[in-house]
Amino acid sequence: MDIKIEKRPWYIRYKYTILMGVALLALVVYAVILSLGPRTIKVNGTEARVAEVSKTYFMEYVDAEGVVKPISTIRVNALESGTLSKIVAEDGAMLRKGDSILFLENVELMRTIDDERDEWQKQYNLLQEQKLSLEQKVISLRQQTLDAQYELSRLDKDLTINKEEFRMGIVTKAQLEMKEAEYTYRHQKAQLQLQSLRHDSTATVIRQKLLEADFQRVDKRYERSRERMENMVVRATTDGQFSFAGATLGQRIMAGEAIGEIKVMTQYKMSIQLNEYYIDRISLGLPASITYQEQKFELKVSRVVPEVKNHAFEVELVFVGEMPSNVRLGKSYRVQVELGQQETAIVMPRGDFYSTTGGKWIFKLTSDGKRAVKVPVTIGRQNPKQYEILDGLEPGDKVVLNGYSNYGDIEELSIQ
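Residues numbered from 1 in each chain as written. Predicted model: local features only at pLDDT ≥ 70, side-chain atom pairs only at ≥ 80, totals over all residues. Heavy atoms only, no water.

A. The overall build of the protein, seen in detail. Scanning the protein for helices and strands turns up 5 helices and 22 strands. The buried share of the protein, taken over its 416 residues, is 32%. A separation of at least 24 residues holds for 76% of the contacts in the protein among residues at least 6 apart in sequence. Carbon together with sulfur atoms contributes 52% to the accessible area of the protein, which is approximately 27,200 Å² in total. (Helix = DSSP H or I, 4+ residues; strand = E, 2+ residues; numbered from the N terminus. Buried < 20%, exposed > 50% of the residue type's maximum accessible area, 1.4 Å probe, protein only. Contact = heavy atoms within 4.5 Å. Areas by Shrake-Rupley, 256 points an atom, 1.4 Å probe, with all protein chains shown as cover.)

Here it is as structure tokens:
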């Protein structure tokens, strides 16, 4: 007898197909949910650097490596041309103002000086002769003046006597008139002689002054020649450490040529290189400081070199008051240049997120600390340790500071 086999339900017959379809549908739904939801990546909590936003003191400053340099460097130039015959000062020697550095020889200059000396001697002798002659003439003029004055006095007395004789009747009126006419003539002649003597005396004085002026010109030329001879010895113009330019014996040195420099060591300055971003923020007199052995030493900006090289410019600073005890040329210190006053602000520590995001967004942790979501922020001022937050974060918020180069366009971090 045949047994009737009942037909199985369709869902039994196609259960594997249905299961595969359901699984495929679930996978599609999951993919759609992922595509529509935020993109998430898992992050190891021990590797993520998390910092808290706070409201505290903030001061804008820039930190840079500073190198100690002398307060000034003075070039040493040869004032006269010549052949280098002797080197006295060695490279690195400490010199005092006026110390000899090297000696030059110049045969042509020595000949010129000899000629000037001969001319000076000639003019000196001529001046002495002229002075003697003028002195003799002055004596003669004085004698003639005395004679003329005596003649005038005698004529006055004679006229007085003649008038008395006429009154007494000893001489006639005609004789008195002749005496008066003679007196007038002789008196006028004596007056003219005195006037001529005064003119001669004045001319003599003027001539003497001209001779002295001529000699002074010759004397000045000779003095300049002797000074040029003194310039054949190149000397230190100030106290300091000498750096030689490397000239050798027998080398021809031209006038004005630099043969070295002197570093003034009475005070020091710091030289730093700053990014061109700060070129409009740095001005003369800005305060700065260095810290050495837990002691702070004050400086101020003394010079700003406006020329930008390789996206940086140079700033020089001088110490205000005390300097570190071990300061020396070439030593380095970290210099902090203040760009503003200390004030209260919302801040966060610096991190590598800024270079990736441009400071436009950051990952902020949720309240449970298991996730970090992408939020927009506005960064204001900054210093080497902090960023000022203008918008997007509040004190107490926690943010992820590092790893942004690995996150790409991820919008959420899952902190494991």
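Let's pick the thread back up.
B. Region of the structure containing the sheet that holds strand 3 (residues 54–58). Spatially, 4 strands are ordered 3-16-20-19 in an open sheet, and the strand pairing comes out antiparallel. Each edge of the open sheet carries a strand with a single partner, namely strand 3 and strand 19 (378–382). The average undirected angle you get between the axes of adjacent strands in this sheet is 60 degrees. Sheet topology note: the strand 16 (residues 343–349)/strand 20 (residues 386–391) ladder contains 3 bridges and is antiparallel. By the bridge assignment for strand 20, methionine 348 is matched with tyrosine 387. (Pairing = 2+ DSSP bridges. Axes fitted to C-alpha atoms, helices over the stretch in contact; angles between N-to-C directions.)

C. Local environment of the packing of aromatic side chains. Per the stated rule, a full pass over the model turns up 9 aromatic pairs. Positioned over the ring face of tyrosine 333 is lysine 331, at 5.6 Å from the centre of the ring. Across the ring face of tryptophan 361, the terminal group of lysine 374 is positioned such that the distance to the ring centre comes to 4.2 Å. (Phe/Tyr/Trp six-rings, centres within 6.5 Å; stacked < 30°, edge-to-face > 60°. Lys NZ or Arg CZ within 6 Å of the ring centre and 35° of its normal.)

D. Local environment of the side chain of aspartate 397. Within the fold, aspartate 397 resides in the loop between strand 20 and strand 21 (398–400). Despite its burial, aspartate 397 pairs with no opposite charge; the closest candidate is lysine 364, at 4.1 Å N-O. If we skip the residues at most four places from it in the chain, aspartate 397 touches Ala51, Glu52, Val53 and Lys364. (Lys, Arg positive; Asp, Glu negative; His and termini not counted. Salt bridge = Lys/Arg side-chain N within 4 Å of Asp/Glu carboxyl O.)

E. Structural context of the sheet that holds strand 22 (residues 412–415). Strand order across the open sheet formed by 6 strands is 1-22-18-17-21-2, with mixed pairing between neighbours. Of all strands in the sheet, those bounded by a partner on one side alone are strand 1 (40–43) and strand 2 (50–52). The average undirected angle you get between the axes of adjacent strands in this sheet is 35 degrees. Where strand 17 (residues 361–365) meets strand 18 (residues 371–376), 5 bridges bridge the pair, whose relative direction is antiparallel.

F. Layout of the side chain of glutamate 338. Examined against the element boundaries, glutamate 338 turns out to sit in strand 15 (residues 332–338). Within the buried core, glutamate 338 has no salt-bridge partner, and the shortest N-O distance to an opposite charge, that of lysine 296, equals 4.3 Å.

G. Layout of the pairing of strand 4 (residues 61–77). When strand 4 meets strand 15, the two strands line up antiparallel, connected through 7 bridges. By the bridge assignment for strand 15, tyrosine 61 is matched with glutamate 338. Looking at chain direction, strand 4 and strand 11 (residues 258–275) are connected through 11 bridges and run antiparallel. If you follow valine 67 over to strand 11, its bridge partner there is serine 271.

Such coordinate-based values are descriptive only and should not be taken to indicate function.
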